[in-house]
2 protein chains.
Amino acid sequence: MKTMGLKALYLVNPKRFPDEQASARASGALDVLEAATVCQTLDEALQGTALAVAMTARRRDLSPEILTTREAAPRVVEHAFKQQVAVVFGTEMSGLTNAEVGRCQMLASIPANPQYPSLNLAAAVQVMAYELRQGCADFAWSEAPARELAGFEDVERFYQHLERILIETGFLDPEHPKRLMHRLRRLFARTRLEKEEVNILRGILTAVQK
Amino acid sequence: MKTMGLKALYLVNPKRFPDEQASARASGALDVLEAATVCQTLDEALQGTALAVAMTARRRDLSPEILTTREAAPRVVEHAFKQQVAVVFGTEMSGLTNAEVGRCQMLASIPANPQYPSLNLAAAVQVMAYELRQGCADFAWSEAPARELAGFEDVERFYQHLERILIETGFLDPEHPKRLMHRLRRLFARTRLEKEEVNILRGILTAVQK
């Protein structure tokens, strides 16, 4: 992270932290490790962000479009100039769960050898951090300002509101929810909702509720 | 290497090989490690190559132009379709020596945080391997065929021939060679000599000798 100029490390529910071995390996980048924010949940880590990219090595059922790291990085950088963004990595052994991916608005994957596609976590972080730095250098200042995306909390409140309405209307059976909310999250994640759009959607839900 | 589809690993004068710890860490890529070629010198490793890229984190005195990894990768890939190429990494602690860099025709560097620019070796290999894979994907088949570069041995024989002539002519004092050969290597490395050009230069040297 530090070699590529990244500073804000968030650790979700780490097994051990602080950890002697991690500190020893951090070498000249101990400042980044020591300034890490420890969270209990991914939702907590994503508070305040407007765009979160889930890093995944595999295609997922019902997932939004998967971008390559090279495609994703400039988009992340573009928003990072205005709002908080996050790149979300899973555990070394099993990556991100579908529920975790569902919290993110974008999926990105490192193009790799199909016979052996799994980079280890440190390698994947290095590659994405490198692409983000390249993305900053390459960033073409566009005439049109970046859209102001809705914040994570606003979008999550919208999903909760939506789910309540769906249950109230009988469309969603809470005993047998199937994958309905997952599909809806996917749909909205793809659009990357703007602040104003969330207001409109919430307004619609409120109207339906009345 | 394997995640990015690279297979040919050359180890120059390794402290230990094979090594239990390395094998354990290779995980599903043990085939690459076991097929590694062990060489005593860098020259031995570069036999048969036509283009070698030295990876460096720092600007060097009298070095040829340093390309970014993103600039270098497509050029390496272009030649790799026709001739053997190599990417040369130094040791974890001290990188490549100037003499080693002098064996290469191109220098490349990973753009990094100037306050903390040193990636560790594994991270640097991952980034360059990633760029090489991207370079393959992005490679635009040009109408003009890639130039046929001279092989490493031919170019080295030319340098030896040149040095002999310079000594014979009294231009180079073997007791006080200064950095003359280094400068000349730099000059020719920048041009990336073609096979036919080396023949011509050798012809000139032979003519001078007579």
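Every chain is numbered on its own, with residues counted from 1 as its sequence reads. Each chain gets a letter, beginning with A, and each ligand a number, beginning with 1, in the order they are written. With pLDDT at 70 or above as the cut-off, local features in this predicted model cover only qualifying residues; side-chain atom pairs require 80 or more to be listed or tallied, and sums for whole chains, interfaces and linings still use all residues. Excluding hydrogens and water, the side-chain values take into account all heavy atoms of the structure.

Explain helix H7 (residues 152-168) of chain B to me, please; I cannot follow it from the model alone.
Working note: α-helix, 3.6 residues per turn, so residues spaced by three or four point in the same direction. Residues and elements named next belong to chain B. Counted at 1.5 Å a residue, the expected span for H7 with its 17 residues is 24 Å, and the 24 Å between its end C-alpha atoms agrees. All of the buried residues in H7 are Phe-152, Val-155, Glu-156, Phe-158, Tyr-159, His-161, Leu-162, Ile-165 and Leu-166. A contact between two residues is defined here by any heavy atoms of the two lying within 4.5 Å. Secondary structure counts use DSSP, requiring at least four H or I residues in a row for a helix and at least two E residues in a row for a strand, with both numbered from the N terminus. Check the buried side of H7 and you find it contacts helix H3 (42-46), strand S3 (49-55), helix H8 (180-191) and helix H9 (195-209). Gly-170 sits one or two residues past H7 and shows a positive phi near 85 degrees. Any helix carries an expected span of 1.5 Å times its number of residues minus one. The cut-offs for exposure are 20% and 50% of the maximum accessible area for each residue type, with area from a 1.4 Å probe on protein chains only; residues under the lower value are buried, those over the upper are exposed, and the others partly exposed.

Honestly, the relation of the copies chain A and chain B in this entry has me stumped. Any pointers?
For the pair of chain copies, the relating transformation is a rotation about an axis with a translation along it. Only residues with pLDDT of at least 70 in both copies contribute their C-alpha atoms to the least-squares superposition of the copies. After a rotation of 180 degrees and a shift along the axis of 0.0 Å, chain A superposes on chain B with an RMSD of 0.1 Å. Put plainly, the chains are arranged around a two-fold axis. By residue overlap, the copies meet face to face through one surface: 100% of the interface positions of chain A are interface positions in chain B.

Which parts of the structure should I look at to understand the domain arrangement of chain A?
Often the size quoted for an interface is simply the accessible area lost on bringing the parts together. Residues and elements named next belong to chain A. Either an automatic procedure or a domain database provided the assignment from which the domain bounds are taken. Partitioning chain A into domains gives domain 1 (2-138) and domain 2 (152-209). Relative placement of domain 1 and domain 2: their C-alpha centres are 26 Å apart. Taken residue by residue, the interface counts 18 residues in domain 1 and 11 residues in domain 2. Put simply, buried area is the surface a 1.4 Å probe can reach on two separate parts but cannot reach once they are joined, added for both. A combined buried area of about 1400 Å² lies between domain 1 and domain 2, and 53% of that area is made up of carbon and sulfur atoms. A pair is scored as a salt bridge if a Lys or Arg side-chain nitrogen falls within 4 Å of a carboxyl oxygen belonging to Asp or Glu. Taken together, domain 1 and domain 2 are joined by 1 salt bridge. Between Arg-103 and Glu-156 there is a salt bridge, and its shortest N-O distance comes to 3.8 Å. In protein, a polar contact means a hydrogen-donor-capable atom and an acceptor-capable atom, both N or O and within 3.5 Å, with residues adjacent in sequence counting only if both atoms are side-chain atoms; elsewhere, any N or O pair within 3.5 Å suffices. On the surface where domain 1 and domain 2 come into contact, there are 3 residue pairs in polar contact (both at pLDDT 80 or more).

So what exactly am I meant to see when it comes to the confidence of the model for chain A here?
One rule of thumb: low pLDDT means the predicted coordinates there are not for detailed reading. Confidence scores labelled pLDDT are given residue by residue by the predictor and lie between 0 and 100. Per-residue confidence for chain A averages 88 on the pLDDT scale, and 93% of its residues sit at or above 70. Taken together, the chains of this predicted complex give a pTM of 0.78 and an interface ipTM of 0.75.

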